[in-house]
Amino acid sequence: MSASSPRFGSKETIIFSDELNHASIIDGCRLSRARTIVYHHNDMQDLKQKIQAAAPAHGLIVSDAVFSMDGDIADLPGIVELGQRYGLLTMLDEAHATGVIGRTGRGICECFPSCRKPDLLMGTLSKALGSEGGYVAASQLIIDYLRNTARSFIFSTSQTPATLAAALTALNLLQADSSHVAHLQENTRCFCEALQSQGIPVQSETAIVPIPIGDEASATAVAETLFRQGIFINAIRYPTVAKGSARLRAAIMATHTPEELRTAAQTIAAVLRNRGRFSAHIK
Ligand SMILES: *Cc1c(COP(=O)(O)O)cnc(C)c1O
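Residues numbered from 1 in each chain as written. Predicted model: local features only at pLDDT ≥ 70, side-chain atom pairs only at ≥ 80, totals over all residues. Heavy atoms only, no water.

Novice: What is the right way to read the overall build of the chain from this model?
Specialist: When you go through the chain residue by residue, the secondary structure sums to 10 helices and 9 strands. Residues counted as buried form 46% of the 283 residues belonging to the chain. Put simply, of all contacts in the chain between residues at least 6 apart along the chain, 63% involve residues at least 24 apart. Accessible area for the chain stands at about 14,800 Å²; split by element, carbon and sulfur atoms hold 54% of it. (Helix = DSSP H or I, 4+ residues; strand = E, 2+ residues; numbered from the N terminus. Buried < 20%, exposed > 50% of the residue type's maximum accessible area, 1.4 Å probe, protein only. Contact = heavy atoms within 4.5 Å. Areas by Shrake-Rupley, 256 points an atom, 1.4 Å probe, with all protein chains shown as cover.)

Right under this line is the structure:
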């Protein structure tokens, strides 16, 4: 590799990866054969200490923009600042950020408008945009490098015209009218407030609202009960999250009505109450 090559994800580099990063990032780190150092979730102090201890000549900091199981937002300014200070590339995965966060849904950079952009922004067309496939946005140098070296890209079939047209249409809609994003953000607030008023401790600035349960069997049982009552909510459990931190994960949509969200919150609270969950908080 020439001195000007981007040098990420090779044997000579070190990747610093948030402990709650999505499985696809973990697999990407493994495929790269780079040494990977995992830092505590969104903890810039820990990240800094680990960078200083490893003192890499080349490296990459990689993080979800919105963490897919907790729904919280990465500390973009902190990551970019450490990347700049220690000469590391930075990469954010916007899978749950695109079309969701920022005033007009443009993702994490819109949340932190005065922050320098990370070197790589990648995302999927499969979540808010409702299609499939994904993208990477970066400098021409990095894009050329990926086009020529990323085996998972080179040896995969390209997208069908139909899925691309669907994604493009979604992007055009998003660009033309940010009211969908405003509805989505308002709906998350409405749902969280409705749950909080029932004594259930939730908070989220994104479309992902985790409702803590604890043990795996309870999470599954609660999700099944709710399904029978007309509410589709996923039970997330080990190995997707740590043992004993099973949760329900609500995915809020722009098209939910406030009435639907309030009814869902009441039903969820009633089921949890019946199982003796959060009884200390629930009136
Ligand atoms: C869903 C998700 C992906 C995978 O997206 P696909 O389009 O299904 O491949 C990648 N990263 C994160 C953070 C995700 O949440």
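Structure's up, so let's keep going.
Novice: How should the packing of helix H8 (residues 179–197) against helix H10 (residues 258–274) be read in this particular structure?
Specialist: The relative placement of two packed helices is expressed as an angle between their axes plus a distance between the axes. Where H8 meets H10, the axes come as close as 9 Å, and the angle between the chain directions of the two elements is 30°. Taken together, the axis directions place H8 and H10 in an arrangement best described as roughly parallel. The element H8 and its partner H10 pack so that their crossing is right-handed. Residues Asn 187, Cys 190, Phe 191, Ala 194 and Leu 195 of H8 pack against Pro 258, Leu 261, Arg 262, Ala 264, Ala 265 and Ile 268 of H10. Within the contact of H8 with H10, the residues separate by chemical class into 9 nonpolar, 1 polar and 1 charged. (Axes fitted to C-alpha atoms, helices over the stretch in contact; angles between N-to-C directions. Parallel < 35°, antiparallel > 145°, perpendicular 65-115°, else oblique. Left-handed = near helix turned anticlockwise from the far one by under 90°. Nonpolar A, V, L, I, M, F, W, Y, C, P; charged D, E, K, R; others polar.)

Novice: Sorry if this is basic, but what is going on with the sheet that holds strand E4 (residues 89–93) here?
Specialist: Backbone-to-backbone hydrogen bonds join strands into a sheet, with any given pair of strands oriented parallel or antiparallel. Overall, mixed pairing links the 6 strands, which are arranged E2-E1-E3-E4-E5-E6 in an open sheet. The sheet is open, and its two edges are formed by strand E2 (35–39) and strand E6 (134–137), each paired on a single side. The sheet shows a mean angle of 20° between the axes of neighbouring strands, taken without regard to direction. Inspection of the sheet shows strand E3 (residues 59–64) paired to E4 by 5 bridges, in the parallel sense. The residue of E4 that forms the bridge with Ile 61 is Thr 90. (Pairing = 2+ DSSP bridges.)

Novice: Just checking my understanding: could you explain the site of the ligand for this structure?
Specialist: Taken together, His 22, Ser 24, Asp 64, Ser 68, Asp 93, Ala 95, His 96, Thr 124, Ser 126, Lys 127 and Gly 133 form the complete shell of residues around the ligand. Within the contact set of the ligand, an oxygen atom lies 3.0 Å away from a side-chain nitrogen or oxygen of His 96. Measuring from an oxygen atom of the ligand, one finds a side-chain N or O atom of Thr 124 at 2.5 Å. If you map the ligand onto the pockets, it falls in the largest pocket. (Near = heavy atom within 4 Å. Polar contact = N/O pair within 3.5 Å; in protein donor to acceptor, adjacent residues only side chain to side chain. 1 Å grid on protein atoms, 1.4 Å probe; cavity = no way out; pocket = protein on both sides within 12 Å on 5 of 7 lines; lining within 4 Å. Sits in = over half its atoms within 2 Å of the grid points.)

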